[in-house]
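Breakdown of the fold
Here's the letter readout for the chains.
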Amino acid sequence: MAPRAKAIGLADPCVDKCSDRGNQYYDEDHPIERSNTNIVPQDSGPDIFDIIREELEAKEVEKGKGFFIPRGSLQETFTPGRLLAAVQQLWKDVPEEGHQRLCIRILHEVRCWKVFLLFIYTQLHESLPELWKNESGKDSLRLSDRCLPLISITPDGKIACQNKTHSHRLPGRKTRKLSGKDCKHMVLASYAFNAVYFKLPTKGKKNHVHYSLGPKDVLPYTIDSPSPDRSLVKGRAGSAGQASNNVKLRPDTDQDDNLHGGFGEVKRIIIDRSHFDFGHLGSDDGKNKELTFALKRLHASDKEAFDKELASLITVKAQKSTHLIKLLATFSVIEEDGGSEVFYLLFPWAEGNLWKYWEVHQPKNEQDRLSIAPWMAQQCHQLALALLCVHNEREHTLQFYEVPAGKGELYGRHGDIKAENVLYFEADGTLVLSDFGLGRLHTKYSRSNADPKALEKSATYRAPEFDLAKGRISRKSDVFSLGCMFLEFVTWHVLGYDAVYEVFPDYRMDEDTAYGFATDIFFKIEGDTAIIKPKVCEWMVKLRKHERASEYTKQFLDIIEKMLSPYPNDRINVAKLVRELGVIRKACERDPSYYGGESPSRSYVFHLIKPP
Ligand SMILES: [Zn+2]
C-alpha cells in the first residue's frame, strides 16, 4: 500500500508540527502579567540564591536517567519579587529604579527570566552582571528564553543557543569561560527546564499537534505503577488459557494488556498538571494533582504505519463523536543523533474496558439493574454510530492509498470489534470505541504473507465469512462482531457477570469441524454452509423467556439476531442498525415500563397481548 500523491498523516496540513517542545503554546497560555506598580521584593538578602535553588531542587522529578522541573514550579519559585531580590544582590551599585528597570527588561523586554534562573540553579549567577553587558553596548544577555534548551559546542565550555535561526553564543570572547563541568550542568538543566508542554489546538484549521523531539528532550510524565484497584479484577483462568489449543479466549479486563495488539504497548502515565492543556479531557484520579493518560508506543520505527494510524485518528477527530477514542497529541523521539525515530500516541486514560465495567458495575439489586437499561440503550446506539464513523473514516483515508486489488473491503472496516476494545470512562459514564487505527490493520496484513483469514481464526467474535472458502470479508463482518458483543451485553444485563464471563462461553463451546477442537465462536460450518450455533440460538431463547427480560431486552435481541445473520447479504447494515437502535433507545427514554422500570408485571402483560 504505497501512498498516492496526496498528503496523509504527518504530511496532512491539519497537523501542526511543533519543534519547540510547546514553548510557544506555553507562553501564550501562561503570560507573565506586567504590573503597573513597582515589583515588591520577596525574601531579600544574600540567601536569596540558596532559597531559590533549594526550592527548585526539591521540585525535581526523576525521569529515567534524567529529571525535569515542572514549568509550573519554575514560575511558582521564581516570582518577580524574588527576581528583584536577586537583582538587588547582583547589582549592588545600581540604584533602586535601576533594579526595577532591569526586572522589566528580564521579564518582558528581553524575556530571559528562565535563563536567569538557570544561572541561579547551576550556581553560576555571579557571572551574570558581567555577561549582561554586551559588545554593542545595549544591555541584554545575548540569550533569551527562546534560545533554550542550550547545547554545548566545544569541550572547553562554550554554550550556544539551540535555535539555528539565532545562533547566539555564550559566553562572548571577553567574558569568563565556563568550565566544561559547568557547561555540562547548564545544558542538562536547560533541558530539565523545558520538558514538553502538550496542547490541543484551539484555533485555525489545525486539529492536531505532533512534537518532534531529540534524544536529550525530557517528557513531563512519570509511569504510573498499577493502581490498587487492579485487585478488584479476579485472577483469570491462568495458564490453561495459554495452552496450545488456545480456544476459549479469556478476555482481559485491563486495557493496557490488550490495547497493544502487536502494534504498540500502552502505559499508564501521569503528566504534570502544568504540562498540558487538553480542555476538559483527561481523567482526574482524585488522588494526585497530576492527571493520568494512556501512552502508546509503536513497536517499530515505522513512519508509514504511524502515518496511517494518525490519518485514521485525526479524521474521526473531525467527526466529533464522543464515543470514539480521542487522540490528544503525538510525538516522535530520535533516540540518538541520527538514530531511529520512535513514535508515540497520547490518549485519555480509561478506567477499564467493557469487561472490567461488567465486572465492577454488577447491579446490586433489581432496581439498580433496571435503572441501567436506558444508559445501556444509549451507549449501544452510540457505539453503532461510532462504528459508522470509523467506516466513513476508512472510506476517506483509503482514497489516498493504492489498495491491492480485492483488498479494499478488508481494510475498509474496524477489524477488531470486541469488548476489550470498548473503553469505559467513569467521569462521563461513556463507552468509547478504541483501537481502530488503520496502522493496526496495516501491520497485521501487510507485514505478513499469511492469508488474512487465517490471521483472525483465533478471534471469538469473528464472522462466518472468515471460515468460508468463498466468504468475502467486509464492513458487515464488523456488524457480526458487534452483534456478538451486544449479545454478551444483554447476557450481563439479564444474568450478570458470571453468566457472560463463564457460563455463556462454556455453553456455546462446541467442536469446530474445521479444526477438530472445541471453540467458543458464535457460528458453525457444516459442509459449505454457515449457521449460528444452535447453542447460541438456545441461549437467546433462554434470555427472551427469562423473568427479568423486558420488552427492551426482547427488541434488542431481535436486532442482535439480524446482526448475527451468518451470511453478510442477509445481515443488517450499519446505517440501518443505527436507526433501529435509535428507536429502542428512544422507547427507553420515553417509557420506563418498556424496560420494566415501573411495575415488573407490566412487561409480562405487554408480552401476552403482543401478536405471535
Ligand atoms: Zn538564540
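Rules and cut-offs
Residues numbered from 1 in each chain as written. Predicted model: local features only at pLDDT ≥ 70, side-chain atom pairs only at ≥ 80, totals over all residues. Helix = DSSP H or I, 4+ residues; strand = E, 2+ residues; numbered from the N terminus. Contact = placed C-beta atoms within 7 Å. Expected span 1.5 Å × (residues − 1). Buried ≥ 20, exposed ≤ 12 C-beta atoms within 10 Å, placed from the backbone. Core = buried A, V, L, I, M, F, W, Y, C linked by C-beta atoms within 7 Å. Domains from an automatic or database assignment. Pairing = 2+ DSSP bridges. Axes fitted to C-alpha atoms, helices over the stretch in contact; angles between N-to-C directions. Bend = angle between axes of the 7 residues up to and from the residue. Parallel < 35°, antiparallel > 145°, perpendicular 65-115°, else oblique. Left-handed = near helix turned anticlockwise from the far one by under 90°. Nonpolar A, V, L, I, M, F, W, Y, C, P; charged D, E, K, R; others polar.

- The protein chain has the name Kinase-like domain-containing protein in an unreviewed UniProt entry, where Neurospora tetraspora is given as its organism.

1. Details of the overall build of the protein chain
- Along the backbone of the protein chain there are 21 helices and 21 strands.
- Long-range contacts, defined as pairs at least 24 residues apart, comprise 71% of the intrachain contacts of the protein chain with a sequence gap of at least 6.

2. Details of helix α19 (residues 551-563)
- The end-to-end C-alpha distance of α19, which contains 13 residues, comes to 19 Å, matching closely the 18 Å that a straight helix rising 1.5 Å per residue would cover.
- For α19, the full list of buried residues reads E551, Y552, T553, F556, I559, I560 and M563.

3. Examining the nonpolar core
- Residues L83, L433 and M563 are the most contacted members of the largest nonpolar core, which totals 150 residues.
- The element that contributes the greatest number of residues to this core is helix α12 (residues 366-398), accounting for twelve residues.
- Mapped onto the domain boundaries, this core takes at least three residues apiece from domain 1 (23-169 + 177-192) and domain 2 (208-606).
- Excluding anything up to four places from it in sequence, L83 contacts F78, C103, I106, L107, W113 and F116.

4. Observations regarding unusual backbone geometry
- The step from L148 to P149 runs through a cis peptide bond, and the omega angle for that step is -5°.
- Summarising the element assignment, P149 is placed in the loop between α7 (128-132) and β4 (150-154).
- Here the phi dihedral of D43 falls at roughly 55°; this positive angle occurs in a residue that is not glycine.
- Along the chain, D43 turns up in the loop between α1 (23-29) and α2 (48-58).

5. A closer look at the sheet that holds strand β13 (residues 329-334)
- The strand order β1-β8-β13-β14-β12-β10-β9 describes an open sheet built from seven strands, whose pairing is mixed. On the outer flanks of this sheet lie β1 (15-18) and β9 (221-223), each paired with one strand and no other. Going across the sheet, the axis of each strand differs from the next one's by a mean of 30°, ignoring polarity.
- In the sheet, strand β12 (residues 291-298) pairs with strand β14 (residues 341-348) via five bridges, with the strands oriented antiparallel. Bridge assignment links K296 to a residue of β14, and that residue is L345.

6. Some points on the environment of A189
- Take A189: it is sitting in helix α8 (residues 180-192).
- Residue class for A189 comes out buried when judged on the 22 C-beta atoms lying within 10 Å of it.
- In this structure, the C-alpha to C-alpha distance between A189 and T122, residues 67 residues apart in sequence, is 7.7 Å.
- In this structure A189 touches L118, Y121 and T122, once residues within four positions along its chain are discounted.

7. Comments concerning the environment of L295
- Position of L295 relative to the elements: it lies in strand β12.
- Along the chain, L295 and E265 lie 30 residues apart, while their C-alpha atoms are 8.1 Å from each other.
- Other than its neighbours up to four places away in sequence, L295 contacts V266, K267, I269, Y344 and L346.

8. Observations concerning the sheet that holds strand β17 (residues 430-433)
- Read from one edge to the other, the open sheet built from three strands follows the order β15-β16-β17, with strand pairing classed as antiparallel. Of all the strands in the sheet, the pair left with one neighbour each is β15 (352-353) and β17.
- Direction of pairing for β15 relative to strand β16 (residues 422-425): antiparallel, over a ladder of two bridges. Looking at the pairing, G352 lines up with Y424 of β16.
- The strands that α12 touches are β16 and β17; relative to β17, the one it contacts most, it runs at about 20°.

9. Points about the pairing of strand β8 (residues 208-213)
- Looking at chain direction, β1 and β8 are connected through four bridges and run parallel. What sits directly across from K17, in β8, is H210.
- As paired strands, β8 and β13 are joined by four bridges and run parallel to one another. The partner of S212 across the bridge, within β13, is S332.

10. Some remarks on the environment of V110
- Its location among the elements puts V110 in the loop between α5 (96-109) and α6 (113-121).
- Distance from V110 to D145, taken between C-alpha atoms, is 8.5 Å for residues 35 residues apart in sequence.

11. Regarding α12
- Taking 1.5 Å of rise per residue, the 33 residues of α12 would be expected to cover 48 Å, and the 47 Å separating its terminal C-alpha atoms lies within 8% of that figure.
- If you look at α12, its biggest bend is around 30°, right at P374.

12. As for the packing of α12 against helix α20 (residues 574-590)
- Close contact between α12 and α20 brings their axes to 9 Å; oriented N to C, the two are set at 160°. When the axes of α12 and α20 are compared, the pair comes out roughly antiparallel. The crossing of α12 and α20 is left-handed. Contacts between α12 and α20 pair A373, P374, A377, Q378, C380, H381, A384, L385, L387, L388 and H391 from the former with V574, A575, L577, V578, L581, G582, I584, R585, C588 and E589 from the latter.
- Residues belonging to the contact of α12 with α20 are distributed by class as follows: 15 nonpolar, four polar and two charged.

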